[in-house]
Structures are given as structure tokens and as C-alpha cells.
Amino acid sequence: MTKEVVLSGIRPTGFLHLGNYFGAMRNYVRMQDDYDCYFFVANWHSLTTHPDTKELKTAVRRVVAENIACGVDPGKAAFYVQSDVPEIAELYLYLNMLAYKGELEKTTTFKDKVRTQPDNVNAGLLTYPVLQAADILIHRAVKVPVGKDQEQNMEMARNFAQRFNHRYGEVFPEPYGFNYGEQLVKIMSLDGNGKMSKSENQLSTLYLADEDDLIRKKIMKAKTDQGPEQTNATKPDYIENLFTLMNLVSTTDTVQKFNDDFNNSSLGNCLIRYGDMKKQLAEDMVNFIKPIREKATDLQNNIEQLESIMKQGADKARASASETIKLVRKAVLG
Ligand code: TRP
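Residues numbered from 1 in each chain as written. Predicted model: local features only at pLDDT ≥ 70, side-chain atom pairs only at ≥ 80, totals over all residues. Heavy atoms only, no water.

Asks: Could you give an account of the overall build of the protein chain, with specific residues and numbers?
Replies: Scanning the protein chain from terminus to terminus reveals 14 helices and 5 strands. In terms of C-alpha radius of gyration, the protein chain reaches 22 Å, essentially the compact-globule figure of 20 Å for 334 residues. On the principal axes, the C-alpha backbone points of the protein chain span a range of 80 × 45 × 45 Å. Each of the 334 residues in the protein chain was classed as buried or not, and the buried ones make up 50%. (Helix = DSSP H or I, 4+ residues; strand = E, 2+ residues; numbered from the N terminus. Rg over C-alpha atoms; globule rule 2.2 N^0.38 Å. Buried < 20%, exposed > 50% of the residue type's maximum accessible area, 1.4 Å probe, protein only.)

Asks: Residue-level account of the packing of helix α3 (residues 56-69) against helix α14 (residues 303-333), with values.
Replies: Any two packed helices are characterised by how steeply their axes cross, that is the angle between the axes, and by the distance between the axes. Interaxial distance between α3 and α14 falls to 11 Å at its minimum, and their mutual angle equals 85 degrees. As far as their axial angle goes, α14 and α3 are roughly perpendicular. Across the interface between the two elements, Arg61, Val64, Ala65 and Ile68 of α3 pack against Ile303, Leu306, Glu307, Ile309 and Met310 of α14. (Axes fitted to C-alpha atoms, helices over the stretch in contact; angles between N-to-C directions. Parallel < 35°, antiparallel > 145°, perpendicular 65-115°, else oblique. Contact = heavy atoms within 4.5 Å.)

Asks: Describe the pairing of strand β1 (residues 5-10), naming the residues involved and giving the relevant values.
Replies: For β1, the tally of buried residues reaches 5 of 6 residues, placing the bulk of the element in the interior. By the bridge criterion, 6 bridges tie β1 to strand β2 (residues 36-41) in an arrangement that is parallel. Note that in β2 the partner of Leu7 across the bridge is Tyr38. Between the parallel elements β1 and β2, the chain passes through helix α1 (residues 18-34) in a crossover that is right-handed. (Pairing = 2+ DSSP bridges. Right-handed = clockwise from strand over helix to strand, strands pointing away.)

Asks: Give me the lowdown on the site of the ligand, citing residues and values where you can.
Replies: Not every one of the 13 residues close to the ligand is listed here, only the nearest: Arg11, Tyr128, Gln132, Asp135 and Gln150. Asp135 has a polar side-chain atom sitting 2.7 Å from a nitrogen atom of the ligand. When the ligand sits alone it has 370 Å² of accessible area, and the protein chains cover 90% of it. Elements that contribute at least two residues to the shell around the ligand include exactly β1 and α8 (128-137). When residues of the shell around the ligand are assigned to their parent elements, the largest contribution, 4 residues, is made by α8. (Near = heavy atom within 4 Å. Polar contact = N/O pair within 3.5 Å; in protein donor to acceptor, adjacent residues only side chain to side chain. Areas by Shrake-Rupley, 256 points an atom, 1.4 Å probe, with all protein chains shown as cover.)

Asks: Break down the pairing of β2 for me, citing the residues and quoting the values.
Replies: Within β2, 5 of the 6 residues are buried, which leaves it mostly tucked inside the rest of the structure. Where β2 meets strand β3 (residues 78-81), 4 bridges bridge the pair, whose relative direction is parallel. By the bridge assignment for β3, Phe40 is matched with Tyr80.

Asks: For helix α10 (residues 212-220), give the residues involved together with the corresponding values.
Replies: Every buried residue of α10 is accounted for by Asp212, Ile215, Lys218 and Ile219. The arc that holds the buried residues of α10, viewed along the axis, is 130 degrees, so those residues lie on one side. (Arc of directions from axis to C-beta.)

Asks: Report on unusual backbone geometry, specifying residues and quantitative values.
Replies: Here Asn201, not a glycine, exhibits a phi torsion of approximately 55 degrees, which is positive. Structurally, Asn201 can be placed in the loop between β5 (176-177) and α10. Phi is positive for Asn232, close to 50 degrees, though the residue is something other than glycine. Looking at the secondary structure, you find Asn232 in the loop between α10 and α11 (237-249). According to the relative accessible area criterion, Asn232 is exposed, its value standing at 58%.

Asks: So what's going on with the nonpolar core? Which residues, and what values?
Replies: Among soluble globular proteins, nonpolar side chains are generally buried collectively. Core analysis: the largest hydrophobic core is formed by 60 residues, its most contacted members being Leu18, Val64, Leu206 and Met285. Looking at which element gives the most residues to this core, the answer is helix α13 (residues 274-300), with 10 residues. Apart from the residues within four sequence positions on either side, Val64 is in contact with Val41, Phe79, Val81, Leu306, Ile309 and Met310. Formed by 40 residues, the second largest nonpolar core is a distinct cluster that contains Ala78, Leu95, Ile136 and Phe164. (Core = buried A, V, L, I, M, F, W, Y, C linked by side-chain atoms within 4.5 Å.)

Asks: Go over the packing of aromatic side chains with me, naming the residues and quoting the values.
Replies: Summed over all chains, the structure comprises 10 aromatic pairs. Ring centres 5.5 Å apart and planes at 20 degrees place the aromatic pair Phe40 and Tyr80 in the stacked group. On the criterion of sequence distance, the pair formed by Phe40 in strand β2 and Tyr80 in strand β3 is long-range, its members being 40 residues apart. Just as Phe40 is buried, Tyr80 falls in that class too. (Phe/Tyr/Trp six-rings, centres within 6.5 Å; stacked < 30°, edge-to-face > 60°.)

Asks: Talk me through the side chain of Thr13; I want residue IDs and the actual numbers.
Replies: Mapped onto the fold, Thr13 is located in the loop between β1 and α1. In this view, Thr13 contacts Ser46, His50 and Lys198; residues no more than four positions away in its chain are not counted.

Asks: An account of the domain arrangement of the protein chain is requested, with residue identities and associated values reported.
Replies: Examined at the domain level, the protein chain breaks down into domain 1 (5-178 + 302-333) and domain 2 (202-295). Placing the centre of domain 1 and that of domain 2 at their C-alpha centroids yields a distance of 35 Å. Counting from both sides, the interface comprises 12 residues of domain 1 and, opposite them, 13 residues of domain 2. Taken together, the two surfaces of domain 1 and domain 2 that pack against each other cover about 1,000 Å², and 82% of this comes from carbon and sulfur. (Domains from an automatic or database assignment. Buried area = accessible area lost by both parts, 1.4 Å probe.)

Now the structure itself:
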């Protein structure tokens, strides 16, 4: 039986963090056994917001190395760099004729960018969802592991696929967002303000490249309070987040102990010691991140191996992409 095609992309704009790990990479690793997987670094997309490309190559390599270090297996999934697959650009061209200026202008990400970078409202930014649709449709993928924030882009990809099929004949299946039917864990920033971020909030975000002492320092500074005032109190968001993190990297016994302490605490009898909890969490987090960081660093220092991984991914992606582009050319051009 042929496996369903899964595809997802990561922009190389900033350092990957714990939220990326639990929201994306951990799922990629689970999916690579069950599906025909394509994962890629969206370096063309990053040009829409980062025209200065001095750091781009290093950033691309870091994303590749970190994904491999997280367990993405280049022997199972195709892991490639977007610009190594020119067929995507050709499909983007055809899809651009099916995308309307009005609908592109209405997307929330475009409107946000118009606000945040008013001096560089380029056409690439406007057609960002078209390029994303080309990324997906070039492998005729049906499942796209992405967060809720990508729903609008997914809907546009389905629309472009439908329009194409309607006008030129059936080539594309419709792709849907997908995450193993589970809610994705939300990893909040350690200061309790919003999510961890690739580029903002750097002292409250745990990056996969952080050294042990920096991890400890960030966790010890995480926001806490005086402790609960009654037994079985509701946890404030920032405390809930420490428990979420602990759940992900500590043993069940450890989580249980601190949870019991929290629930049995009350004003004047506070059993939970957030300092102790953070110390424990810091050590468990160091043990979690360290092997990933070390493996990623080793790979980044071994350019030859890294390039061979990227070539292996590009070859696999181009084999699939060229089959699709043949069908597309035939459908459009005859
Ligand atoms: N827009 C996605 C993001 O910002 C990245 C991306 C580009 C992507 N192309 C894609 C995600 C194709 C899934 C499928 O995270």
C-alpha cells in the first residue's frame, strides 16, 4: 500500500526552541515511520521578511542539523532545503495565475506584515500563501503538520488546488492540517507572556542551542509567586507552564510530588517550594536539551556530512517534485 504524503516546512528565521520541538519536530519523528514524509527548510519564504542573506546559509544549516539531532531520519523522511527544488518555483508561477490579489491582501499574516514592515511590502509577501501552497502541492501532500496559526494558509492551499483541478483537470488532492488528532502542547514563554519565540523574548525562551548554564539561569528566573493560598487551587498560567514543562522532561514521580505539594498547600502552610521545583526542572531540562544540542553542534561542524544529508533530501524531493511538475505542465500547457 502506498503511504499518504505528509509535508511540513520551517522558516530559518531564528533559533529553534522547545515550542518548535514539542509542536513540530517530535511529531515529525513519529510520522516518519507511518507516512511518506517531506520536511523542508523554507529559505525562499524567509526572503519575504529577511532580505539580508548574510546569515541565511548558517541559519539553514542549523535548522537542518537541529532537526536531524531531534531524530528526523534522512533515511526515512526527505529532509531538504526549499531552494534545492526548483520545481517548487515553477509550480508557484502557475498557481500565481489562480490566486487573486483581493484574497491575498485579506490574509491576516499579510496584514500583520504590512503593519510590522511598512517599508518592505513586497509582492513575495503578498504571495507567501501561494508559495506555501506550491510547497505542499508539489508532492501532492494530503497531511500537513502545522499549528493553528497556519489554518488560513491551508485553506488557501485547498482553494488553489481546487481551482487548478477545475480549470486544468484533476492533478492535486486537497491538503489538510494534521497533528495525530491530538491537541498540540502549548509551550508558553517563561515570563508568562505569550508563546516561546524564535526571535523575541530570548531570555524566557529555551532554545535547543542553549548551553547548560543558560538553561539553568532562564528556568531559575521563570515567573512564580508566593504559592497557593488554598488547597487544590487553580494554577496561574505561568505555574501551569512549569508543570507542563516538567511533564515533558521529568519523571512522573517528580511531577506527582510537586503537584501533590501544590495541591496540599494553603496560606500559612505552603508545601510547594518553587525554588526547588525550578532546580529540579532545570536539571531535567539540561539533560533533555544537552544531547540534542551536542549532536546538532557536531553536525554543524561536519559540513561534509551535513551537505550529504541535504543532497540526499533534495534528490528524494526532486524525484517526487518532477513527477508532479510533469503532470502540471501537461495539464496547463498541453
Ligand atoms: N508558513 C509556515 C510558518 O510560518 C512555514 C511554511 C512554509 C510551511 N511552507 C510551508 C508550513 C508548507 C507547512 C507547509 O511556519
